Amino acid sequence: DLLGCVYDGQGQGRSALSHHHQALDLARATGNRRLEGRILAHTALGFWTRAEYGPAEDSCAQALAVQRSIGDYSGEATTLDTLGLVRYKQGDYQEAIALLRGALALQKAGGERSAQARTLGNLGQVYRDLHQLATAVELYRRALAILEPLGDRSAQAEVLGEIGVVYVMQGADRDAVDYFRRSLEVASQAGSEPARASALHHLAIAYSARGWYRRAIESYAASLALRQALGDPRAQAWIWARMGRVSSRQGNDAETLDRYQRATEIWEEILDRRALASHLNDVAATYENLGDDRRALAAYLRAFKLASEIRLPYRSLSLGSIGKVYARLGERDRALEHGARAVAEANQVGNAEMRWNAYYALGSIQVELGLPDAALRSFEESLRIIEDLRDQAVPSDEAKTAYMESKQKVYADTVTVLMAAGKPAPALELAERARARAFLDLLGSRGQAAPADGDGRERAADVASPARVAPPSLAQLQALARRHGEPIVEYFVGDRAVFIWVVNPDGSFGRAIST
């Protein structure tokens, strides 16, 4: 059974399954029901790793039946934890949370502190995927609080890295670098090569986000060398893919595609369809940068096919991209169909990050096809979701500000549509909404009480900024100009133009566009 777990970690699914089956036959032959349940749970985890969710569910069901029949509460918690991960990867977020909380309750009752930390970390992953980032960070911190007195420095290093990932997601790269460096330091103290490799990988992501590309490549190379020595092809593939992203940011498309191909070959060899489906979206985006829409479309379609085969919840991202390519190719009906399907898929999953992306993709398709009114409605829904999500940002000045900076393209495209439609006043008010008000939001949040939940969410308000300070309206700007007797000049920088508005003391209002 342990050999099967090792093979699972190395991406050798067939060998892993063969060893798990041999172990299972031995456990059943000797009548060791507790061991039988554990082996079934390990088999389920291997299926989960390979995105074989149907067999993973079956193995979990068998394991739970055995464990509940003999009162193996510890084993039941482990299986519930695995089943929660299956549901999470399928986009059944609320069921995943319920299963993980069930595991956590059993682990608390049994005093299994290390297992509690693991499950809290898995809950953090679910909330992170939902972009409830303050809640995710709080869960990770609770895991750390358990691990520190246990002295499990390898696990501490991993959790510190997961917190850093949250900051990367918000664009708070300086904070992320701090967490990743702490992760590397703790991993080195623990003497854990896998933890060191993971910390170096994470640190490289943050370096790349900050534009420190040489440092990023050096960290990726160091992580890659460790993963090669450990015989971990799955992690090696992720590193090649990330190195490809660095090349992409540097504008080196040939090197990008070469590195992406190395990752693709590994994932195809070890049959990791989940990773491959995600990765093919990056491959397609590179072909888009090269102006090769036909190859981009082929890659997006393959990504969507793979994601559909294993019921991944991220299909809306591929659908939106497919629709945008069809729009550029002049295939109006297909473009609108895929844009609408992206919105429907995202709404069905209920992931807010995917929802704003889907509405933004649909709006972009509608702009390309000359449908400005429909595009405006799509963009406005995207912005509404973005601004709701912003309340979940971790409340550092960098995190709140960077979160909005990474969404400026949606504001810019909406301002462009409004200005083209002869609506400068709403465009100005939207430009004001786009400006980050991190400090004011934090001040506005002071004194708000935290709701009680019992599983991490009771502390979320300690790290969230639920208050939203309203930006000034045009009427307020006109009143301000009158009061001071001076004109107010506002501007907004988009991808293709600078928009300028002048509010005069007499209340008159002018605007200009510089392309």
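Residues numbered from 1 in each chain as written. Predicted model: local features only at pLDDT ≥ 70, side-chain atom pairs only at ≥ 80, totals over all residues. Heavy atoms only, no water.

**Observations concerning the overall build of the protein**
Phase 1 of the analysis: Broken down by element type, the protein carries 26 helices and three strands.
Phase 2 of the analysis: By residue count, 52% of the 515 residues in the protein fall in the buried class.
Phase 3 of the analysis: The long-range share in the protein, meaning contacts at least 24 apart out of those at least 6 apart in sequence, stands at 57%.
Phase 4 of the analysis: Entry remark: accessible area of the protein is about 22000 Å², with carbon and sulfur atoms responsible for 50%. (Helix = DSSP H or I, 4+ residues; strand = E, 2+ residues; numbered from the N terminus. Buried < 20%, exposed > 50% of the residue type's maximum accessible area, 1.4 Å probe, protein only. Contact = heavy atoms within 4.5 Å. Areas by Shrake-Rupley, 256 points an atom, 1.4 Å probe, with all protein chains shown as cover.)

**Remarks on the nonpolar core**
Burial of nonpolar side chains together is a common tendency in soluble globular proteins.
Phase 1 of the analysis: Ranked by size, the top nonpolar core spans 130 residues in total, and within it Val 126, Tyr 220, Trp 267, Val 415, Phe 492 and Trp 501 carry the most contacts.
Phase 2 of the analysis: Excluding residues that lie within four positions of it along the chain, Val 415 makes contacts with Ala 427, Leu 430, Ala 431, Phe 492, Phe 499 and Trp 501. (Core = buried A, V, L, I, M, F, W, Y, C linked by side-chain atoms within 4.5 Å.)

**Some points on the pattern of salt bridges**
Phase 1 of the analysis: Here the structure, examined in full by the defined rule, presents 31 salt bridges.
Phase 2 of the analysis: Its salt-bridge partner being Asp 282, residue Arg 245 comes within 2.8 Å of it at the nearest N-O pair. One end of the pair, Arg 245, is in helix α13 (residues 233-249); the other, Asp 282, is in helix α15 (residues 273-289), with 37 residues separating them in the sequence.
Phase 3 of the analysis: Classification of Arg 245 as partly exposed rests on a relative accessible area of 32%.
Phase 4 of the analysis: Salt-bridge contacts for Arg 384 lead to Glu 381; the nearest nitrogen and oxygen are separated by 2.7 Å. Taken together, the residues Arg 384 and Glu 381, both in helix α20 (residues 372-390) and three residues apart, mark about one turn of the helix. (Salt bridge = Lys/Arg side-chain N within 4 Å of Asp/Glu carboxyl O.)

**Looking at the pairing of strand β2 (residues 498-503)**
Phase 1 of the analysis: Across the two faces of β2 the burial differs, with Phe 499, Trp 501 and Val 503 buried and Val 498, Ile 500 and Val 502 not buried at all.
Phase 2 of the analysis: Counting the residues between successive antiparallel strands, the hairpin from strand β1 (residues 488-493) to β2 contains four residues. (Pairing = 2+ DSSP bridges.)

**Let's talk about the pairing of β1**
Phase 1 of the analysis: Residues Ile 488, Glu 490 and Phe 492 line the buried face of β1, whereas the alternating positions Val 489, Tyr 491 and Val 493 sit on a face that is not buried.
Phase 2 of the analysis: In terms of strand pairing, β1 meets β2 through six bridges, oriented antiparallel. By the bridge assignment for β2, Ile 488 is matched with Val 503.

**Observations regarding the side chain of Thr 256**
Phase 1 of the analysis: Following the sequence through the fold, Thr 256 ends up in helix α14 (residues 253-269).
Phase 2 of the analysis: A residue is classified by how much of its surface remains accessible, and Thr 256, at 0% relative accessible area, is buried.
Phase 3 of the analysis: A distance of 3.4 Å separates the side chain of Thr 256 from the backbone oxygen of Gly 244, its partner in a polar contact.
Phase 4 of the analysis: A distance of 2.9 Å separates the side chain of Thr 256 from the backbone nitrogen of Ser 248, its partner in a polar contact.
Phase 5 of the analysis: Apart from the residues lying within four places of it in its own chain, the contact partners of Thr 256 are Gly 244, Ser 247, Ser 248 and Thr 286. (Polar contact = N/O pair within 3.5 Å; in protein donor to acceptor, adjacent residues only side chain to side chain.)

**Some details on helix α12 (residues 213-230)**
For an α-helix the count is 3.6 residues per turn, leaving residues at separations of three or four pointing the same way.
Phase 1 of the analysis: In this model, α12 (18 residues) spans 25 Å end to end at C-alpha, consistent with the 26 Å of a helix rising 1.5 Å per residue.
Phase 2 of the analysis: Along α12, the residues classified as buried are Ala 216, Ser 219, Tyr 220, Ser 223, Leu 224, Leu 226 and Arg 227. Buried residues of α12, viewed axially, fall in a sector of 165°; they line one side. Along α12, the residues that are exposed and aim more than 90 degrees away from the buried face are Arg 214 and Ala 229. (Expected span 1.5 Å × (residues − 1). Arc of directions from axis to C-beta.)

**With respect to the packing of helix α7 (residues 113-129) against helix α8 (residues 133-150)**
Phase 1 of the analysis: For the pair α7 and α8, the least separation of the axes is 8 Å and the interaxial angle reads 165°. Between α7 and α8, the crossing angle belongs to the class labelled roughly antiparallel. Viewed along their axes, α7 and α8 form a crossing whose handedness is left-handed. Listed contacts from α8 to Arg 113, Ser 114, Gln 116, Ala 117, Leu 120, Gly 121, Leu 123, Gly 124, Gln 125, Tyr 127 and Arg 128 of α7 are Leu 133, Thr 135, Ala 136, Leu 139, Tyr 140, Arg 142, Ala 143, Ile 146, Leu 147 and Leu 150.
Phase 2 of the analysis: A per-class count over the contact of α7 with α8 returns 12 nonpolar, six polar and three charged. (Axes fitted to C-alpha atoms, helices over the stretch in contact; angles between N-to-C directions. Parallel < 35°, antiparallel > 145°, perpendicular 65-115°, else oblique. Left-handed = near helix turned anticlockwise from the far one by under 90°. Nonpolar A, V, L, I, M, F, W, Y, C, P; charged D, E, K, R; others polar.)

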